[in-house]
Amino acid sequence: MNEELSSAYRPETFRQQGHALIDMLADQMAASYGAEQDRTIPWQSPEESFRFWNQFADTNPKLTELLGEVIRRSIRISDPRFIGHQICTPAPDTILASLVADFANNGNGVFEMGIAGVAMEKHVLDVIAHQMGMEKTAGGVMTSGGTLGNLTALLCARSIKAPEDVWRHGQSGRLALMVSEQAHYCIERAVGIMGWGTEGIIRVPTNDRFQMRVDQMPGLLDDARRAGKQVIAVVGSACTTSTGSFDDLTAIAQFCKANDLWFHVDAAHGGALAFSPTFRHRLAGIELADSVVIDFHKMLMTPVLASAVIMRRAEDGFQTFRQQADYLFEQAEDLNWHDLAQRTFECTKSMMALKIYTLLAVRGSELLAANVDQLMQTTQKLVSLIDPRPDLELAVRPDCNIVCFRYTGCSPDQRCKINAEIRKRMIESGEYYIVQTKLHDETWLRCTVTNPMTTANELSGMLDQVELLAKTLSRV
Ligand SMILES: *Cc1c(COP(=O)(O)O)cnc(C)c1O
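Let me sum up the structure you'll find in this document. Predicted model, so just to flag it, every value in this text is computed and none were measured.

Thresholds, definitions, all that
Residues numbered from 1 in each chain as written. Predicted model: local features only at pLDDT ≥ 70, side-chain atom pairs only at ≥ 80, totals over all residues. Heavy atoms only, no water. Salt bridge = Lys/Arg side-chain N within 4 Å of Asp/Glu carboxyl O. Helix = DSSP H or I, 4+ residues; strand = E, 2+ residues; numbered from the N terminus. Buried < 20%, exposed > 50% of the residue type's maximum accessible area, 1.4 Å probe, protein only. Polar contact = N/O pair within 3.5 Å; in protein donor to acceptor, adjacent residues only side chain to side chain. Contact = heavy atoms within 4.5 Å. Near = heavy atom within 4 Å. Areas by Shrake-Rupley, 256 points an atom, 1.4 Å probe, with all protein chains shown as cover. Axes fitted to C-alpha atoms, helices over the stretch in contact; angles between N-to-C directions. Parallel < 35°, antiparallel > 145°, perpendicular 65-115°, else oblique. Left-handed = near helix turned anticlockwise from the far one by under 90°. Nonpolar A, V, L, I, M, F, W, Y, C, P; charged D, E, K, R; others polar. Pairing = 2+ DSSP bridges.

### With respect to the pattern of salt bridges
Then step 1. The final tally for this structure, using the stated rule, is 27 salt bridges.
Then step 2. Between glutamate 121 and lysine 349 there is a salt bridge; the shortest N-O distance is 2.7 Å. In this pair, glutamate 121 is assigned in helix 6 (residues 115–131) and lysine 349 in the loop between strand 7 (307–311) and helix 13 (353–363), connecting sequence segments 228 residues apart.
Then step 3. Of the residues examined, glutamate 121 reaches a relative accessible area of 1% and is grouped as buried.
Then step 4. In this structure, arginine 313 engages aspartate 316 in a salt bridge whose closest nitrogen and oxygen atoms are separated by 2.8 Å.
Then step 5. For aspartate 316, a relative accessible area of 10% corresponds to the buried category.
Then step 6. If you follow the salt bridges from partner to partner, you end up with Asp290, Arg312, Arg313 and Asp316 in one network.

Following this line, the structure appears as C-alpha coordinates:
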(Lines give C-alpha, C1' and ligand atoms only; values in the text may rest on other atoms or scores of the structure.)
Protein backbone atom coordinates (compact mmCIF):
# COMPACT_ATOMS: atom_id res chain seq x y z
CA MET A 1 0.00 0.00 0.00
CA ASN A 2 1.42 3.41 -0.81
CA GLU A 3 2.00 5.94 1.97
CA GLU A 4 -0.96 8.15 1.12
CA LEU A 5 -3.35 5.25 1.01
CA SER A 6 -2.21 3.79 4.30
CA SER A 7 -2.38 7.23 5.91
CA ALA A 8 -6.05 7.50 4.84
CA TYR A 9 -6.85 4.35 6.81
CA ARG A 10 -4.96 5.05 10.06
CA PRO A 11 -7.09 4.32 13.17
CA GLU A 12 -5.07 6.74 15.36
CA THR A 13 -5.87 9.63 13.02
CA PHE A 14 -9.53 8.66 13.12
CA ARG A 15 -9.48 8.66 16.91
CA GLN A 16 -7.91 12.11 17.15
CA GLN A 17 -10.04 13.70 14.49
CA GLY A 18 -13.14 12.00 15.83
CA HIS A 19 -12.64 13.45 19.31
CA ALA A 20 -12.03 16.90 17.88
CA LEU A 21 -15.07 16.62 15.64
CA ILE A 22 -17.44 15.48 18.39
CA ASP A 23 -16.23 18.37 20.56
CA MET A 24 -16.94 20.78 17.72
CA LEU A 25 -20.41 19.30 17.12
CA ALA A 26 -21.29 19.37 20.81
CA ASP A 27 -20.31 23.06 20.99
CA GLN A 28 -22.36 23.76 17.89
CA MET A 29 -25.29 21.81 19.32
CA ALA A 30 -25.27 23.86 22.52
CA ALA A 31 -25.06 27.10 20.56
CA SER A 32 -27.89 26.04 18.26
CA TYR A 33 -30.21 24.85 21.02
CA GLY A 34 -29.69 28.17 22.77
CA ALA A 35 -30.26 30.19 19.56
CA GLU A 36 -26.94 31.86 20.31
CA GLN A 37 -25.91 32.56 16.74
CA ASP A 38 -27.22 35.56 14.87
CA ARG A 39 -28.66 33.42 12.10
CA THR A 40 -30.47 30.13 11.58
CA ILE A 41 -29.81 30.15 7.87
CA PRO A 42 -26.50 31.50 6.57
CA TRP A 43 -28.06 32.40 3.25
CA GLN A 44 -26.00 32.48 0.05
CA SER A 45 -27.15 32.49 -3.55
CA PRO A 46 -26.54 29.26 -5.48
CA GLU A 47 -23.75 30.97 -7.44
CA GLU A 48 -22.04 32.35 -4.34
CA SER A 49 -22.21 29.00 -2.64
CA PHE A 50 -20.87 27.14 -5.66
CA ARG A 51 -18.04 29.63 -6.04
CA PHE A 52 -17.06 29.10 -2.43
CA TRP A 53 -17.10 25.29 -2.47
CA ASN A 54 -15.51 25.11 -5.87
CA GLN A 55 -12.57 27.18 -4.68
CA PHE A 56 -12.44 25.62 -1.25
CA ALA A 57 -11.79 22.19 -2.75
CA ASP A 58 -8.45 23.46 -4.03
CA THR A 59 -7.28 24.85 -0.68
CA ASN A 60 -6.32 21.39 0.55
CA PRO A 61 -8.18 21.87 3.86
CA LYS A 62 -7.71 19.73 6.93
CA LEU A 63 -10.63 17.44 7.71
CA THR A 64 -11.89 19.32 10.78
CA GLU A 65 -11.48 22.62 8.96
CA LEU A 66 -13.62 21.34 6.09
CA LEU A 67 -16.31 19.90 8.34
CA GLY A 68 -16.37 23.08 10.43
CA GLU A 69 -16.99 25.05 7.26
CA VAL A 70 -19.87 22.72 6.36
CA ILE A 71 -21.50 23.39 9.73
CA ARG A 72 -20.99 27.15 9.40
CA ARG A 73 -22.49 27.18 5.92
CA SER A 74 -25.52 24.94 6.50
CA ILE A 75 -28.99 25.64 7.84
CA ARG A 76 -29.08 25.09 11.59
CA ILE A 77 -31.89 22.61 11.93
CA SER A 78 -31.34 22.40 15.68
CA ASP A 79 -31.89 26.12 16.24
CA PRO A 80 -35.30 26.80 17.82
CA ARG A 81 -35.77 29.51 15.18
CA PHE A 82 -35.81 26.83 12.51
CA ILE A 83 -39.57 26.65 11.98
CA GLY A 84 -39.51 25.83 8.29
CA HIS A 85 -39.52 22.50 6.51
CA GLN A 86 -40.62 19.23 8.06
CA ILE A 87 -37.17 17.83 8.83
CA CYS A 88 -36.57 17.22 12.54
CA THR A 89 -33.91 18.13 15.04
CA PRO A 90 -32.15 14.79 15.28
CA ALA A 91 -31.70 13.40 18.77
CA PRO A 92 -27.94 13.20 19.52
CA ASP A 93 -28.22 9.42 20.11
CA THR A 94 -29.35 8.99 16.52
CA ILE A 95 -26.49 11.08 15.16
CA LEU A 96 -24.02 8.75 16.85
CA ALA A 97 -25.98 5.74 15.61
CA SER A 98 -25.68 7.10 12.06
CA LEU A 99 -21.92 7.26 12.49
CA VAL A 100 -21.88 3.59 13.43
CA ALA A 101 -24.13 2.70 10.47
CA ASP A 102 -21.57 4.35 8.18
CA PHE A 103 -18.73 2.67 10.02
CA ALA A 104 -20.29 -0.80 9.64
CA ASN A 105 -21.26 0.02 6.04
CA ASN A 106 -23.26 -3.19 5.73
CA GLY A 107 -25.62 -3.35 2.79
CA ASN A 108 -29.12 -3.99 4.11
CA GLY A 109 -30.76 -5.37 0.97
CA VAL A 110 -30.13 -8.99 1.87
CA PHE A 111 -29.69 -10.69 5.23
CA GLU A 112 -26.27 -12.03 4.42
CA MET A 113 -24.91 -8.49 4.19
CA GLY A 114 -27.04 -7.01 6.96
CA ILE A 115 -27.18 -9.52 9.76
CA ALA A 116 -27.86 -6.88 12.42
CA GLY A 117 -29.53 -4.16 10.37
CA VAL A 118 -32.06 -6.36 8.58
CA ALA A 119 -33.22 -7.93 11.85
CA MET A 120 -33.49 -4.48 13.46
CA GLU A 121 -35.54 -3.35 10.51
CA LYS A 122 -38.12 -6.08 11.15
CA HIS A 123 -38.25 -5.11 14.81
CA VAL A 124 -38.84 -1.44 13.95
CA LEU A 125 -41.56 -2.31 11.44
CA ASP A 126 -43.31 -4.59 13.92
CA VAL A 127 -43.29 -1.81 16.52
CA ILE A 128 -44.70 0.74 14.08
CA ALA A 129 -47.38 -1.61 12.76
CA HIS A 130 -48.41 -2.35 16.34
CA GLN A 131 -48.54 1.36 17.21
CA MET A 132 -50.79 1.86 14.21
CA GLY A 133 -53.15 -0.80 15.50
CA MET A 134 -52.39 -3.41 12.85
CA GLU A 135 -52.45 -7.18 13.47
CA LYS A 136 -49.35 -9.38 13.62
CA THR A 137 -49.80 -10.25 9.95
CA ALA A 138 -48.47 -6.78 9.06
CA GLY A 139 -44.92 -6.19 7.89
CA GLY A 140 -42.92 -4.14 5.49
CA VAL A 141 -39.63 -2.64 4.45
CA MET A 142 -37.73 0.54 5.05
CA THR A 143 -36.96 2.84 2.14
CA SER A 144 -34.75 5.86 1.59
CA GLY A 145 -37.52 8.41 1.94
CA GLY A 146 -41.29 8.60 1.78
CA THR A 147 -41.23 9.38 -1.93
CA LEU A 148 -39.70 6.00 -2.70
CA GLY A 149 -41.97 4.43 -0.08
CA ASN A 150 -45.11 5.75 -1.77
CA LEU A 151 -43.93 4.53 -5.19
CA THR A 152 -43.17 1.11 -3.67
CA ALA A 153 -46.64 0.86 -2.09
CA LEU A 154 -48.37 1.91 -5.31
CA LEU A 155 -46.37 -0.59 -7.37
CA CYS A 156 -47.59 -3.21 -4.93
CA ALA A 157 -51.18 -1.99 -5.35
CA ARG A 158 -50.75 -2.30 -9.12
CA SER A 159 -49.40 -5.86 -8.88
CA ILE A 160 -52.33 -6.94 -6.81
CA LYS A 161 -55.25 -4.93 -8.19
CA ALA A 162 -54.51 -4.38 -11.87
CA PRO A 163 -56.50 -6.80 -14.01
CA GLU A 164 -53.44 -7.66 -16.08
CA ASP A 165 -49.87 -8.67 -15.28
CA VAL A 166 -48.26 -5.31 -16.02
CA TRP A 167 -44.84 -6.51 -14.93
CA ARG A 168 -44.65 -9.18 -17.66
CA HIS A 169 -46.83 -7.84 -20.43
CA GLY A 170 -46.81 -4.09 -20.03
CA GLN A 171 -49.95 -2.10 -19.69
CA SER A 172 -52.88 -1.97 -22.05
CA GLY A 173 -55.66 -0.69 -19.78
CA ARG A 174 -56.05 2.84 -18.41
CA LEU A 175 -55.21 2.48 -14.74
CA ALA A 176 -55.98 5.26 -12.26
CA LEU A 177 -56.06 6.11 -8.58
CA MET A 178 -57.96 8.69 -6.53
CA VAL A 179 -56.17 11.13 -4.27
CA SER A 180 -56.73 14.44 -2.52
CA GLU A 181 -56.01 17.56 -4.55
CA GLN A 182 -53.78 18.46 -1.57
CA ALA A 183 -51.66 15.29 -1.75
CA HIS A 184 -47.87 15.41 -1.83
CA TYR A 185 -46.50 15.75 -5.36
CA CYS A 186 -44.68 12.43 -5.12
CA ILE A 187 -48.01 10.64 -5.64
CA GLU A 188 -48.40 12.35 -9.00
CA ARG A 189 -44.81 11.42 -9.84
CA ALA A 190 -45.41 7.79 -8.89
CA VAL A 191 -48.41 7.72 -11.22
CA GLY A 192 -46.27 9.27 -13.96
CA ILE A 193 -43.47 6.76 -13.41
CA MET A 194 -45.95 3.90 -13.60
CA GLY A 195 -46.98 5.23 -17.00
CA TRP A 196 -50.62 5.97 -16.21
CA GLY A 197 -50.44 9.48 -17.65
CA THR A 198 -52.09 12.57 -16.21
CA GLU A 199 -55.50 10.97 -16.52
CA GLY A 200 -54.28 8.25 -14.16
CA ILE A 201 -54.70 10.62 -11.26
CA ILE A 202 -58.22 11.53 -10.17
CA ARG A 203 -58.09 14.53 -7.90
CA VAL A 204 -60.66 14.61 -5.16
CA PRO A 205 -61.56 18.14 -4.02
CA THR A 206 -61.06 19.12 -0.37
CA ASN A 207 -63.28 20.83 2.20
CA ASP A 208 -62.49 24.04 4.10
CA ARG A 209 -60.14 22.06 6.35
CA PHE A 210 -58.24 20.74 3.30
CA GLN A 211 -59.51 17.20 3.90
CA MET A 212 -60.47 14.99 1.00
CA ARG A 213 -64.25 15.15 0.29
CA VAL A 214 -65.15 11.50 0.69
CA ASP A 215 -68.76 12.35 -0.20
CA GLN A 216 -67.61 13.20 -3.73
CA MET A 217 -65.75 9.96 -4.27
CA PRO A 218 -68.64 7.73 -5.41
CA GLY A 219 -69.54 10.20 -8.17
CA LEU A 220 -65.91 10.58 -9.26
CA LEU A 221 -65.48 6.81 -9.34
CA ASP A 222 -68.60 6.39 -11.49
CA ASP A 223 -67.39 9.09 -13.89
CA ALA A 224 -63.97 7.49 -14.19
CA ARG A 225 -65.36 4.02 -14.80
CA ARG A 226 -67.78 5.33 -17.39
CA ALA A 227 -64.83 7.01 -19.11
CA GLY A 228 -63.15 3.60 -19.35
CA LYS A 229 -60.60 3.98 -16.58
CA GLN A 230 -59.69 1.12 -14.26
CA VAL A 231 -59.51 2.74 -10.85
CA ILE A 232 -57.51 0.47 -8.55
CA ALA A 233 -56.55 2.54 -5.50
CA VAL A 234 -57.27 5.46 -3.21
CA VAL A 235 -54.52 7.37 -1.41
CA GLY A 236 -55.41 9.07 1.87
CA SER A 237 -53.17 11.72 3.40
CA ALA A 238 -52.27 11.67 7.11
CA CYS A 239 -51.49 14.41 7.05
CA THR A 240 -51.14 16.68 4.02
CA THR A 241 -47.84 18.43 3.59
CA SER A 242 -49.14 21.96 3.06
CA THR A 243 -51.56 22.34 5.95
CA GLY A 244 -51.18 19.18 8.05
CA SER A 245 -54.77 18.06 7.38
CA PHE A 246 -55.82 14.50 8.17
CA ASP A 247 -58.18 12.77 5.77
CA ASP A 248 -61.05 10.71 7.21
CA LEU A 249 -59.27 7.37 6.94
CA THR A 250 -62.17 5.30 8.29
CA ALA A 251 -64.55 6.67 5.66
CA ILE A 252 -62.00 6.12 2.89
CA ALA A 253 -61.42 2.54 4.11
CA GLN A 254 -65.16 1.83 3.89
CA PHE A 255 -65.30 3.29 0.40
CA CYS A 256 -62.33 1.16 -0.70
CA LYS A 257 -63.81 -1.99 0.77
CA ALA A 258 -67.16 -1.42 -0.91
CA ASN A 259 -65.48 -0.84 -4.29
CA ASP A 260 -62.62 -3.34 -4.16
CA LEU A 261 -59.92 -0.67 -4.20
CA TRP A 262 -56.45 -0.71 -2.66
CA PHE A 263 -56.27 1.69 0.29
CA HIS A 264 -52.92 3.39 0.72
CA VAL A 265 -52.21 5.99 3.41
CA ASP A 266 -49.44 8.51 2.90
CA ALA A 267 -48.61 9.08 6.57
CA ALA A 268 -45.07 10.24 5.80
CA HIS A 269 -45.52 13.22 8.06
CA GLY A 270 -48.32 12.42 10.51
CA GLY A 271 -47.76 8.68 11.02
CA ALA A 272 -45.67 9.73 14.02
CA LEU A 273 -48.88 10.52 15.91
CA ALA A 274 -49.38 6.77 16.29
CA PHE A 275 -46.88 6.98 19.16
CA SER A 276 -48.91 9.55 21.09
CA PRO A 277 -51.87 8.34 23.18
CA THR A 278 -53.11 11.96 23.10
CA PHE A 279 -53.10 12.40 19.34
CA ARG A 280 -53.29 8.98 17.75
CA HIS A 281 -57.05 9.32 17.27
CA ARG A 282 -56.26 11.60 14.31
CA LEU A 283 -55.04 8.46 12.52
CA ALA A 284 -58.19 6.46 13.24
CA GLY A 285 -58.73 4.04 10.36
CA ILE A 286 -55.05 3.74 9.45
CA GLU A 287 -55.16 0.15 10.75
CA LEU A 288 -57.54 -0.64 7.87
CA ALA A 289 -55.10 0.51 5.17
CA ASP A 290 -53.58 -2.04 2.81
CA SER A 291 -50.33 -0.05 2.88
CA VAL A 292 -48.95 2.89 4.84
CA VAL A 293 -45.85 5.06 4.45
CA ILE A 294 -44.18 6.78 7.40
CA ASP A 295 -41.07 8.97 7.62
CA PHE A 296 -38.97 8.78 10.77
CA HIS A 297 -37.05 11.91 9.79
CA LYS A 298 -40.08 14.21 10.09
CA MET A 299 -41.54 14.05 13.63
CA LEU A 300 -39.54 11.16 15.04
CA MET A 301 -36.18 12.71 15.93
CA THR A 302 -34.19 10.78 13.33
CA PRO A 303 -31.72 12.12 10.74
CA VAL A 304 -32.56 11.76 7.04
CA LEU A 305 -33.34 9.38 5.47
CA ALA A 306 -35.39 6.74 7.23
CA SER A 307 -38.86 5.75 6.07
CA ALA A 308 -41.01 2.65 6.06
CA VAL A 309 -43.70 1.06 3.94
CA ILE A 310 -45.99 -1.11 6.03
CA MET A 311 -48.33 -3.65 4.46
CA ARG A 312 -51.34 -4.81 6.45
CA ARG A 313 -50.69 -8.28 5.01
CA ALA A 314 -46.91 -8.60 4.93
CA GLU A 315 -47.04 -11.13 2.07
CA ASP A 316 -48.55 -8.49 -0.25
CA GLY A 317 -45.17 -6.79 -0.28
CA PHE A 318 -43.66 -9.74 -2.13
CA GLN A 319 -45.92 -9.05 -5.11
CA THR A 320 -44.33 -5.66 -5.79
CA PHE A 321 -41.24 -6.81 -7.68
CA ARG A 322 -41.97 -10.19 -9.13
CA GLN A 323 -38.89 -10.61 -11.27
CA GLN A 324 -36.22 -12.52 -9.41
CA ALA A 325 -32.54 -11.90 -9.00
CA ASP A 326 -31.45 -15.48 -8.57
CA TYR A 327 -27.94 -14.68 -7.54
CA LEU A 328 -29.29 -12.89 -4.47
CA PHE A 329 -31.90 -15.36 -3.37
CA GLU A 330 -31.08 -19.00 -2.90
CA GLN A 331 -34.61 -20.19 -3.47
CA ALA A 332 -36.35 -17.64 -5.58
CA GLU A 333 -39.82 -18.86 -4.66
CA ASP A 334 -39.23 -18.46 -0.91
CA LEU A 335 -40.84 -15.46 0.70
CA ASN A 336 -38.18 -14.60 3.24
CA TRP A 337 -38.79 -11.63 5.49
CA HIS A 338 -35.04 -11.18 5.68
CA ASP A 339 -34.36 -10.81 1.96
CA LEU A 340 -35.48 -7.21 1.86
CA ALA A 341 -34.39 -6.67 -1.74
CA GLN A 342 -37.31 -8.88 -2.81
CA ARG A 343 -39.66 -6.15 -1.67
CA THR A 344 -37.85 -2.89 -2.30
CA PHE A 345 -36.39 -1.01 -5.20
CA GLU A 346 -33.06 -0.46 -3.48
CA CYS A 347 -30.26 -2.95 -3.90
CA THR A 348 -27.47 -1.67 -1.67
CA LYS A 349 -29.44 -0.19 1.19
CA SER A 350 -28.16 1.75 4.19
CA MET A 351 -28.58 0.50 7.75
CA MET A 352 -31.37 3.01 8.24
CA ALA A 353 -33.28 1.04 10.88
CA LEU A 354 -30.47 1.56 13.37
CA LYS A 355 -31.37 5.22 13.92
CA ILE A 356 -34.93 4.65 15.06
CA TYR A 357 -34.08 1.29 16.66
CA THR A 358 -31.58 3.13 18.85
CA LEU A 359 -34.22 5.52 20.17
CA LEU A 360 -36.75 2.76 20.74
CA ALA A 361 -34.28 0.53 22.57
CA VAL A 362 -32.30 3.11 24.53
CA ARG A 363 -35.00 5.66 25.36
CA GLY A 364 -38.28 3.87 24.71
CA SER A 365 -41.29 4.76 22.59
CA GLU A 366 -42.50 7.14 25.34
CA LEU A 367 -39.79 9.52 24.20
CA LEU A 368 -41.33 9.65 20.73
CA ALA A 369 -44.73 10.33 22.29
CA ALA A 370 -43.22 13.13 24.37
CA ASN A 371 -41.67 14.69 21.26
CA VAL A 372 -44.93 14.54 19.29
CA ASP A 373 -46.88 16.02 22.23
CA GLN A 374 -44.31 18.77 22.72
CA LEU A 375 -44.40 19.79 19.05
CA MET A 376 -48.20 19.77 19.01
CA GLN A 377 -48.34 21.89 22.15
CA THR A 378 -45.88 24.44 20.76
CA THR A 379 -47.93 24.57 17.56
CA GLN A 380 -51.00 25.54 19.57
CA LYS A 381 -48.89 28.24 21.21
CA LEU A 382 -48.10 29.58 17.76
CA VAL A 383 -51.83 29.65 16.97
CA SER A 384 -52.54 31.55 20.19
CA LEU A 385 -49.88 34.11 19.20
CA ILE A 386 -51.29 34.58 15.70
CA ASP A 387 -54.93 34.88 16.77
CA PRO A 388 -54.73 38.26 18.55
CA ARG A 389 -52.74 39.91 15.74
CA PRO A 390 -55.38 41.58 13.56
CA ASP A 391 -53.24 41.69 10.41
CA LEU A 392 -52.36 37.99 10.47
CA GLU A 393 -54.73 35.26 9.35
CA LEU A 394 -54.59 31.47 9.71
CA ALA A 395 -55.43 29.30 6.68
CA VAL A 396 -56.92 26.66 8.95
CA ARG A 397 -56.68 25.66 12.64
CA PRO A 398 -53.85 23.12 12.60
CA ASP A 399 -54.35 19.44 13.47
CA CYS A 400 -50.64 18.72 13.30
CA ASN A 401 -47.42 20.72 13.73
CA ILE A 402 -47.85 22.61 10.43
CA VAL A 403 -49.24 26.16 10.42
CA CYS A 404 -50.14 28.26 7.37
CA PHE A 405 -50.79 31.95 7.89
CA ARG A 406 -50.43 35.22 6.02
CA TYR A 407 -50.32 38.95 6.39
CA THR A 408 -53.60 40.55 5.37
CA GLY A 409 -53.04 44.19 6.31
CA CYS A 410 -52.70 45.19 2.65
CA SER A 411 -55.02 45.29 -0.32
CA PRO A 412 -56.14 41.79 -1.39
CA ASP A 413 -54.44 42.10 -4.79
CA GLN A 414 -51.09 42.76 -3.03
CA ARG A 415 -51.33 39.85 -0.61
CA CYS A 416 -49.53 37.13 -2.55
CA LYS A 417 -46.74 39.43 -3.60
CA ILE A 418 -46.18 40.87 -0.14
CA ASN A 419 -46.25 37.51 1.64
CA ALA A 420 -43.80 36.04 -0.86
CA GLU A 421 -41.52 39.05 -0.42
CA ILE A 422 -41.70 38.75 3.40
CA ARG A 423 -40.56 35.17 3.19
CA LYS A 424 -37.76 36.03 0.73
CA ARG A 425 -36.41 38.76 2.99
CA MET A 426 -36.62 36.51 6.03
CA ILE A 427 -34.51 33.86 4.32
CA GLU A 428 -31.95 36.41 3.23
CA SER A 429 -31.60 38.03 6.63
CA GLY A 430 -31.53 34.52 8.07
CA GLU A 431 -32.57 34.92 11.69
CA TYR A 432 -35.71 32.80 11.35
CA TYR A 433 -36.35 30.06 8.87
CA ILE A 434 -39.92 29.71 7.63
CA VAL A 435 -41.22 28.55 4.25
CA GLN A 436 -44.18 29.26 2.00
CA THR A 437 -46.85 27.33 0.16
CA LYS A 438 -49.67 27.84 -2.30
CA LEU A 439 -53.25 27.13 -1.26
CA HIS A 440 -55.88 27.58 -3.96
CA ASP A 441 -53.29 29.55 -5.95
CA GLU A 442 -52.61 32.00 -3.14
CA THR A 443 -49.32 32.40 -1.31
CA TRP A 444 -49.21 31.60 2.41
CA LEU A 445 -46.38 31.59 4.91
CA ARG A 446 -45.84 28.14 6.36
CA CYS A 447 -44.21 26.93 9.56
CA THR A 448 -43.48 23.44 10.81
CA VAL A 449 -42.78 23.29 14.52
CA THR A 450 -40.18 20.58 14.39
CA ASN A 451 -37.72 21.45 17.13
CA PRO A 452 -38.82 20.56 20.67
CA MET A 453 -36.66 23.44 21.92
CA THR A 454 -38.77 26.06 20.11
CA THR A 455 -40.64 28.26 22.62
CA ALA A 456 -43.08 31.16 22.56
CA ASN A 457 -40.04 33.49 22.50
CA GLU A 458 -38.89 32.38 19.07
CA LEU A 459 -42.43 32.24 17.77
CA SER A 460 -43.25 35.81 18.86
CA GLY A 461 -39.93 37.01 17.51
CA MET A 462 -40.70 35.43 14.15
CA LEU A 463 -44.21 36.94 14.02
CA ASP A 464 -42.84 40.37 14.99
CA GLN A 465 -40.42 40.13 12.12
CA VAL A 466 -43.16 39.12 9.69
CA GLU A 467 -45.27 42.13 10.73
CA LEU A 468 -42.34 44.52 10.63
CA LEU A 469 -41.37 43.45 7.12
CA ALA A 470 -45.02 43.56 6.05
CA LYS A 471 -45.38 47.15 7.19
CA THR A 472 -42.21 48.21 5.42
CA LEU A 473 -43.33 46.47 2.23
CA SER A 474 -46.91 47.78 2.35
CA ARG A 475 -45.61 51.34 2.54
CA VAL A 476 -43.65 51.19 -0.74
C1 LIG B 1 -42.50 14.64 3.25
C2 LIG B 1 -43.65 13.96 2.60
C3 LIG B 1 -43.44 13.06 1.55
C4 LIG B 1 -42.09 12.82 0.94
O5 LIG B 1 -41.26 12.11 1.77
P6 LIG B 1 -39.66 12.20 1.60
O7 LIG B 1 -39.18 11.43 2.77
O8 LIG B 1 -39.33 13.64 1.62
O9 LIG B 1 -39.33 11.55 0.31
C10 LIG B 1 -44.54 12.41 1.04
N11 LIG B 1 -45.78 12.65 1.51
C12 LIG B 1 -46.01 13.51 2.50
C13 LIG B 1 -47.40 13.73 2.98
C14 LIG B 1 -44.95 14.21 3.08
O15 LIG B 1 -45.18 15.10 4.05
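### Structural notes on the side chain of serine 242
Then step 1. Examined against the element boundaries, serine 242 turns out to sit in the loop between strand 4 (230–237) and helix 11 (249–259).
Then step 2. There is a polar contact of 3.3 Å between the side chain of serine 242 and the side chain of threonine 437.
Then step 3. Contact partners of serine 242, with chain neighbours within four places excluded, come to Gln182, Ile402, Cys404, Thr437, Leu439 and Arg446.

### Considerations on the site of the ligand
Then step 1. The ligand sits among 15 residues. The nearest are Gly146, Thr147, Asp266, Asp295 and Lys298.
Then step 2. Threonine 241 has a polar side-chain atom sitting 2.9 Å from an oxygen atom of the ligand.
Then step 3. One nitrogen or oxygen atom from the side chain of aspartate 266 is found 2.6 Å from a nitrogen atom belonging to the ligand.
Then step 4. Summarising the interface, the protein chains cover 88% of the accessible area of the ligand, which totals 380 Å² for the free molecule.
Then step 5. Contributions of two or more residues to the shell around the ligand are made by helix 7 (146–161) and helix 12 (296–299).
Then step 6. The biggest single contributor to the shell around the ligand is helix 7, with three residues.

### Here's the deal with the packing of helix 5 (residues 92–104) against helix 13
Then step 1. For the pair helix 5 and helix 13, the least separation of the axes is 8 Å and the interaxial angle reads 130°. Taken together, helix 5 and helix 13 sit at an angle that is classed as oblique. For helix 5 against helix 13, the interelement crossing comes out right-handed. Residue-level contacts link Asp93, Thr94, Ala97, Ser98, Val100 and Ala101 of helix 5 to Leu354, Lys355, Thr358, Leu359, Val362 and Arg363 of helix 13.
Then step 2. The residue inventory of the contact of helix 5 with helix 13, partitioned by class, reads six nonpolar, three polar and three charged.

### A few points about helix 11
Then step 1. Of all the positions in helix 11, only Leu249, Ala251, Ile252, Ala253, Phe255 and Cys256 are classed as buried.
Then step 2. Summarising the contacts, the buried residues of helix 11 are in contact with strand 2 (175–180), helix 10 (217–226), strand 4 and strand 5 (262–266).
Then step 3. Phi turns positive, to about 55°, at aspartate 260, one or two residues after helix 11.

### With respect to the pairing of strand 6 (residues 291–295)
Then step 1. In terms of residue burial, strand 6 counts as a mostly covered element, since five of its five residues are buried.
Then step 2. Covered by surrounding structure in strand 6 are Ser291, Val293 and Asp295 together with Val292 and Ile294, the residues of both alternating faces.
Then step 3. Bridge analysis of strand 6 against strand 7 gives five bridges, and the strand direction is antiparallel. Along strand 7, the bridge assignment pairs valine 292 with isoleucine 310.

### What to know about the sheet that holds strand 11 (residues 442–448)
Then step 1. Spatial strand order, 8-9-11-10: four strands in an open sheet with antiparallel pairing. The open sheet has two edge strands with one neighbour each: strand 8 (392–394) and strand 10 (435–439). Each strand axis lies, on average, 40° off the axis of its neighbour in the sheet, ignoring direction.
Then step 2. Where strand 9 (residues 402–407) and strand 11 come together, four bridges link them in antiparallel fashion. Residue pairing for strand 11: valine 403 is matched across the bridge by cysteine 447.
Then step 3. Contacts from helix 15 (residues 415–429) reach strand 9, strand 10 and strand 11, with the element oriented near 35° to strand 11.
Then step 4. In the packing of helix 16 (residues 456–475) onto the sheet, the strands contacted are strand 8, strand 9 and strand 11, and the crossing angle to strand 9 comes to about 30°.

### Things to note about unusual backbone geometry
Of all residues except glycine, most have a negative phi; of all peptide bonds, most are trans.
Then step 1. In this structure, the amide linkage connecting alanine 238 to the following residue, cysteine 239, adopts the cis form with an omega of 0°.
Then step 2. Assignment of secondary structure puts cysteine 239 in the loop between strand 4 and helix 11.
Then step 3. For the bond running from valine 304 to leucine 305, omega is -10°, close enough to zero to count as cis.
Then step 4. Tracing the backbone through its elements, the reader meets leucine 305 in the loop between helix 12 and strand 7.
Then step 5. If you check the backbone angles, aspartate 260 has positive phi at about 55° while not being a glycine.
Then step 6. With respect to the helices and strands, the residue aspartate 260 is situated in the loop between helix 11 and strand 5.

### Let's talk about the environment of cysteine 404
Then step 1. Along the chain, the position of cysteine 404 falls in strand 9.
Then step 2. Residue classification places cysteine 404 among the buried residues on the basis of a relative accessible area of 2%.
Then step 3. Sequence-wise, cysteine 404 and phenylalanine 318 are 86 residues apart; in three dimensions their C-alpha atoms are separated by 40 Å.
Then step 4. Every residue in contact with cysteine 404, bar those within four places of it in the chain, is listed here: Ser242, Thr243, Glu393, Leu394, Ala395, Val396, Thr437, Leu439, Trp444, Leu445 and Arg446.

### Description of the side chain of threonine 243
Then step 1. Assignment of secondary structure puts threonine 243 in the loop between strand 4 and helix 11.
Then step 2. By relative accessible area, which is 1% here, threonine 243 ends up buried.
Then step 3. Only 3.2 Å separates the side chain of threonine 243 from the side chain of threonine 240, close enough to count as a polar contact.
Then step 4. Sequence-distant contacts of threonine 243, defined by excluding residues within four places in its chain, comprise Phe210, Val396, Ile402, Cys404 and Leu439.

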